[in-house]
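Structural characterization, general
Residue strings, one per chain:
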Amino acid sequence: MGRLDGKSAIITGAGRGIGKAISRKFLEEGARLLICDVVPDRLDNTAQELSRLGTVHSLPGDVTDAAYCAALVQRARELFGELNILVNNAGIALVRPFLEHTEADWDRTLAVNLKSMFLLGQQAARLMVAQGKGGAIVNMASTNGHVGEKRLAAYNASKAGVVLLTKTMAIELAQYNIRVNCVAPGFIQTQLAEEAWADDHFVKAYLEKIPLGRYGQPEEVANVFAFLASDEASFITGDSVVIDGGQLSEE
Ligand SMILES: NC(=O)c1ccc[n+]([C@@H]2O[C@H](COP(=O)([O-])OP(=O)(O)OC[C@H]3O[C@@H](n4cnc5c(N)ncnc54)[C@H](O)[C@@H]3O)[C@@H](O)[C@H]2O)c1
């Protein structure tokens, strides 16, 4: 028996990386999925690859688009009859010095990483409230939502916003038994991390900051999402669960 048996879920940014690992884990735990990504081919490949594990539907689109967010929730309702879980995972990271950040960098980063969580979170929560059966929303934050890091001004600000948006949603939606948490990973080995920090020297030096002495894997983050989305986490809401190999524990 899977711990997400009988649950339906939307997962954003599922085309690759951590979102794909979360999708795989959720299917293994028995959930039925509607997955989203802004890159249609990527999404198609993931849906095809994971379909042997269970029910997985896809709808490509951009989570910064309010109409798309509404359509995504509507599609989940048509497919599954109800929506129990939302995973807001999609995100981008633009690495450049503060003095070189453009207004467009700032706007796009805040839109993808934070505004999308408001838009989709609100649509999903409205449906969950109407259903009257509670629900779980798990947002993707980052250790960068807790401490600053050079050359990531917009990213850091967006992820700090996710932590406080999560807490606010949690306290307002608690009366409906809708739990809202976020996950704050440190350095996880994905294409985003490799593209953002293309410099091998930087990536190796980063290891010095991680007490466990290695980078995290997408599957390790997916495990935390599955736990928080499941009934096993029934008394956890408003939390930000750090998964960083001990990085934030050491100055
Ligand atoms: N990799 C890390 O070290 C790390 C650490 C902390 C937090 N995170 C966060 O985890 C999340 C996933 O990161 P990842 O490393 O798997 O990245 P990734 O780039 O490998 O995957 C992100 C996916 O999101 C999709 N996406 C981007 N913008 C979108 C949009 N507007 N609408 C819909 N889909 C969109 C991309 O196409 C991609 O498939 C992000 O929110 C990121 O900030 C990553």
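Data block above holds the structure.
First things first, this report covers the structure right here in the doc. Source: prediction; values computed, not measured.

A short note on the overall build of the protein
- Looking only at helices and strands, one finds eight helices and seven strands in the protein.
- Its C-alpha atoms give the protein a radius of gyration of 17 Å, within 12% of the compact-globule value 18 Å for 251 residues.
- Taking the principal axes of the C-alpha coordinates as reference, the protein spans close to 50 × 40 × 35 Å.
- By residue count, 52% of the 251 residues in the protein fall in the buried class.
- Carbon and sulfur atoms make up 52% of the accessible area of the protein, which amounts to about 11,600 Å² in all.
- Side chains of the protein give 24 positive and 30 negative charges; the mean places of these two sets differ by 4 Å.

Overview of the site of the ligand
- In the region of the ligand, 28 residues are neighbours, and I18, D37, N89, Y155 and T190 sit closest.
- At a separation of 2.6 Å, an oxygen atom of the ligand approaches a polar side-chain atom of D37.
- In this structure, a nitrogen atom belonging to the ligand sits 3.1 Å away from a main-chain N or O atom of V63.
- Burial of the ligand by the protein amounts to 96% of the accessible area it has alone, namely 830 Å².
- Taken together, the elements giving at least two residues each to the shell around the ligand come down to α1 (17-28), α4 (103-131) and α5 (153-173).
- Among the residues making up the shell around the ligand, the classes are represented as 14 nonpolar, eight polar and six charged.

A few points about the environment of H101
- Mapped onto the elements, H101 comes out in the loop between β4 (85-88) and α4.
- Judged by its relative accessible area of 16%, H101 falls in the buried class.
- With 50 residues separating them in the primary sequence, H101 and R151 have C-alpha atoms 8.7 Å apart.
- A polar side-chain atom of H101 sits 3.3 Å from the main-chain carbonyl oxygen of R96.

Details of the nonpolar core
- The biggest cluster of nonpolar side chains holds 37 residues, and the ones touching the most others in it are F26, L33 and F225.
- Here the element with the most residues in this core is helix α8 (residues 218-229); it accounts for seven residues.

Concerning the side chain of T46
- Along the chain, the position of T46 falls in helix α2 (residues 40-50).
- Given a relative accessible area of 0%, T46 falls into the buried group.
- Residues contacting T46, with those up to four places away along its chain left out, are A14, G15, R16, K20 and I35.

Describing the sheet that holds β4
- Across the sheet, seven strands lie side by side as β3-β2-β1-β4-β5-β6-β7; this open sheet has parallel pairing. Because the sheet does not close on itself, it has two edges, and the strands there are β3 (56-58) and β7 (240-243). Averaged over all pairs of adjacent strands, the angle between strand axes in this sheet comes to 20°, irrespective of strand direction.
- Summarising the sheet, strand β6 (residues 178-185) and β7 pair through four bridges and their orientation is parallel. Paired with V183 across the bridge in β7 is V241.
- In the packing of α8 onto the sheet, the strands contacted are β4, β5 (135-140), β6 and β7, and the crossing angle to β6 comes to about 165°.

Criteria and cut-off values
Residues numbered from 1 in each chain as written. Predicted model: local features only at pLDDT ≥ 70, side-chain atom pairs only at ≥ 80, totals over all residues. Heavy atoms only, no water. Helix = DSSP H or I, 4+ residues; strand = E, 2+ residues; numbered from the N terminus. Rg over C-alpha atoms; globule rule 2.2 N^0.38 Å. Buried < 20%, exposed > 50% of the residue type's maximum accessible area, 1.4 Å probe, protein only. Areas by Shrake-Rupley, 256 points an atom, 1.4 Å probe, with all protein chains shown as cover. Lys, Arg positive; Asp, Glu negative; His and termini not counted. Charge placed at Lys NZ, Arg CZ, Asp CG, Glu CD. Near = heavy atom within 4 Å. Polar contact = N/O pair within 3.5 Å; in protein donor to acceptor, adjacent residues only side chain to side chain. Nonpolar A, V, L, I, M, F, W, Y, C, P; charged D, E, K, R; others polar. Core = buried A, V, L, I, M, F, W, Y, C linked by side-chain atoms within 4.5 Å. Contact = heavy atoms within 4.5 Å. Pairing = 2+ DSSP bridges. Axes fitted to C-alpha atoms, helices over the stretch in contact; angles between N-to-C directions.

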